[in-house]
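# Report on the structure
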Amino acid sequence: MDPRPDLVELVAAARTGDQEAWDEIVDRFTPLLVGVLRSYRLSPMELQDAAQTVWLRVIEHLGRLVEPRALPAWIITTAKREALRALELSRRVELQDPQGECWEARMVTDDNPDDDLERRERRAALLEGFASLNVRQRQVLLLLCQDPPPTYAEVSRRTGVPVGAIGPTRARAVERLRREPCVHALMADVAVQPSRGESHE
Amino acid sequence: MNEPYDGGGDRGCQGDGEGDDALYRELDDALRRVFPFVDEVARRAKSAFTWRTVDEDLLTAQLSFDTARAAGPALTRAATDGGGRVLVFTTDLQSVELEVLTDRLVGQFLPPVAGAVDVESERGVLATVVVDDLGFFVVQPVPDVRFRLHCTTATTRVVTEWVQL
């Protein structure tokens, strides 16, 4: 009934070299990984590199992962470490060449400096929960988050979900998300949390 | 604007209307921040799996001594019968040191031992170099991409972590 293979099964399959299982792991957890990295002031190129390093480490780590369900936590920890390492490296480069390209790259990030820890943790929890959704739910939500959002006809064309089922798919996804343990903990205060774009000053 | 929902089905799925709306907005916000990077990060991660699937353990201790082989055919049978066969797995490489010079990398296996080094990038092997009896090797030029060293000696294979200089 549930088309989502368990993470334990996916990891076991990936260990044997199953590309499809690996692709599914990557699709599930890339938003979480990028979400963690976005909390740091990395240039787009540094972010891509740090992300790739984390995935390479996951590949190396797969065979030794005793508890596959710990993978999200492992990804978060490793991503934080790699982000800090990238920052350290780029600081060194900047000191040598403050007028260089790296300096400009730094300006490209649009991270909000007022972004507080709690908010980052909340986003990470939501993106971790996002990984538990099925493929269609993930695709629909990712497409709809664009600004401006694509029309339902376009979403339908790209995901194969009928236009009339897009709203319900989204609603089911959110409902499912709400039941995830990592998200459930947030729900107590989600209603009173402002969600976007407010000023901190 | 978007085309309309298929009304009934949509409403029927809302477990906790307001809470879900707030949750959706927050998730939407989180996804919006990662969206521009997701495709490229995922594409690179997927292709990294193809060139080499899940690695052998970082340190692979190999069979270095086996009384069954050392003793020759006749004795092998005797040893097997008696159940006294001994196998020894050894790794003789404890560390790999790398010195980064402007035009090359100079490395050494410690303790000193001969072997070979494959310099691997995500796309495959960049270069293979010989390691002399004192454990020394040279990689030239310095790799400008992320790489790791796949080190082989007579008894050991070790893969270093990925590094980018």
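This is a predicted model, so every value here is computed, not measured.

### Details of the overall build of chain A
When helices and strands are counted, chain A shows 11 helices and zero strands. Scanning chain A from its N terminus toward the C terminus, one meets helices and strands in the order α-α-α-α-α-α-α-α-α-α-α. Of the contacts made within chain A by residues no fewer than 6 positions apart, 67% connect residues no fewer than 24 positions apart. A total of about 10,000 Å² of accessible surface is found on chain A, and carbon and sulfur atoms cover 54% of it.

### Observations regarding the pattern of salt bridges
Residues and elements named next belong to chain B. On inspection of all chains with the given rule, the structure shows 23 salt bridges over all chains. R44 is paired through a salt bridge with E122; the nearest N and O atoms lie 4.0 Å apart. Taken as a pair, R44 in helix α2 (residues 17-51) and E122 in the loop between β5 (115-121) and β6 (124-131) lie far apart in primary sequence, 78 residues in all. E122 shares its class with R44; the two are buried. Between E120 and R148 there is a salt bridge; the shortest N-O distance is 3.0 Å. Of this pair, E120 sits in strand β5 while R148 sits in strand β8 (residues 148-153), and the two are 28 residues apart along the sequence. Residue E120 is classed as buried on the basis of its relative accessible area of 1%.

### Points about the packing of aromatic side chains
The full count for this structure, using the stated rule, is three aromatic pairs over all chains. Centroid distance A:W22 to A:W55: 5.5 Å. Interplanar angle 85°. Geometry classified as edge-to-face. Here the residue A:W22 occupies a position in helix α2 (residues 19-38), and A:W55 occupies one in helix α3 (residues 44-62), the gap between them amounting to 33 residues. Between A:W22 and B:F49, the ring centres sit 5.0 Å apart and the planes meet at 10°, which makes this aromatic pair stacked. Here the residue A:W22 occupies a position in helix α2, and B:F49 occupies one in helix α2, the pair thus bridging two chains. Owing to a relative accessible area of 0%, A:W22 belongs among the buried residues under this scheme.

### Here's the deal with the pairing of strand β4 (residues 105-110) of chain B
All names here are of chain B. Here strand β3 (residues 95-100) runs beside β4; their pairing, made up of six bridges, is antiparallel. Paired with E99 across the two strands is V106, which belongs to β4. Following β3, the chain reverses through four residues before pairing antiparallel with β4. Sheet topology places β4 next to strand β7 (residues 136-139); four bridges connect them, and they run antiparallel. Within the sheet, the bridge partner assigned to L105 lies in β7 and is V139.

### Considerations on unusual backbone geometry
With an omega of -5°, the peptide bond between A:D147 and A:P148 qualifies as cis. Relative to the helices and strands, A:P148 resides in the loop between α7 (135-144) and α8 (152-159). A cis geometry characterises the amide bond from B:L110 onward to B:P111, with omega recorded as -5°. One can find B:P111 in the loop between β4 and β5.

### Regarding the confidence of the model for chain A
Residue and element names in this part refer to chain A. Scored by pLDDT, chain A has a mean of 81; 79% of the residues are at 70 or more. Here residues 100-110 is modelled with pLDDT under 50, and outside its nearest four sequence neighbours on either side it reaches 19 contacts, counting other chains as well. Predicted confidence is poor over residues 190-201, with pLDDT under 50, and the contacts of this stretch with residues over four places away or in other chains come to 23 contacts.

### Brief notes about the nonpolar core
Ranked by size, the top nonpolar core spans 69 residues in total, and within it A:F29, A:L33, A:L37, A:W55, A:L71 and B:L31 carry the most contacts. Tallying contributions element by element places α2(B) first for this core, with 13 residues. Excluding its chain neighbours within four sequence positions, the residues that come into contact with A:L37 are A:L42, A:L47, A:A50, A:A51, A:A79 and A:A83. Membership of the second largest hydrophobic core comes to 14 residues, among which are B:V117, B:V119, B:F137 and B:C151.

### Things to note about the sheet that holds β3(B)
Residues and elements named next belong to chain B. Across the sheet, three strands lie side by side as β3-β4-β7; this open sheet has antiparallel pairing. Taken across any chain shown, the strands that pair with only one partner, and hence form the sheet edges, are β3 and β7. Direction aside, the axes of adjacent strands within the sheet are offset by 25° on average.

### Regarding the environment of B:Y24
If you trace the backbone, B:Y24 turns up in helix α2. Judged by relative accessible area, B:Y24 falls into the buried class, the value being 13%. Setting aside chain neighbours within four positions, we find B:Y24 in contact with A:L141, A:L144, A:R170 and A:V174.

Thresholds, definitions, all that
- Residues numbered from 1 in each chain as written.
- Chains lettered and ligands numbered in written order.
- Predicted model: local features only at pLDDT ≥ 70, side-chain atom pairs only at ≥ 80, totals over all residues.
- Heavy atoms only, no water.
- Helix = DSSP H or I, 4+ residues; strand = E, 2+ residues; numbered from the N terminus.
- Contact = heavy atoms within 4.5 Å.
- Areas by Shrake-Rupley, 256 points an atom, 1.4 Å probe, with all protein chains shown as cover.
- Salt bridge = Lys/Arg side-chain N within 4 Å of Asp/Glu carboxyl O.
- Buried < 20%, exposed > 50% of the residue type's maximum accessible area, 1.4 Å probe, protein only.
- Phe/Tyr/Trp six-rings, centres within 6.5 Å; stacked < 30°, edge-to-face > 60°.
- Pairing = 2+ DSSP bridges.
- pLDDT = per-residue confidence, 0-100.
- Core = buried A, V, L, I, M, F, W, Y, C linked by side-chain atoms within 4.5 Å.
- Axes fitted to C-alpha atoms, helices over the stretch in contact; angles between N-to-C directions.

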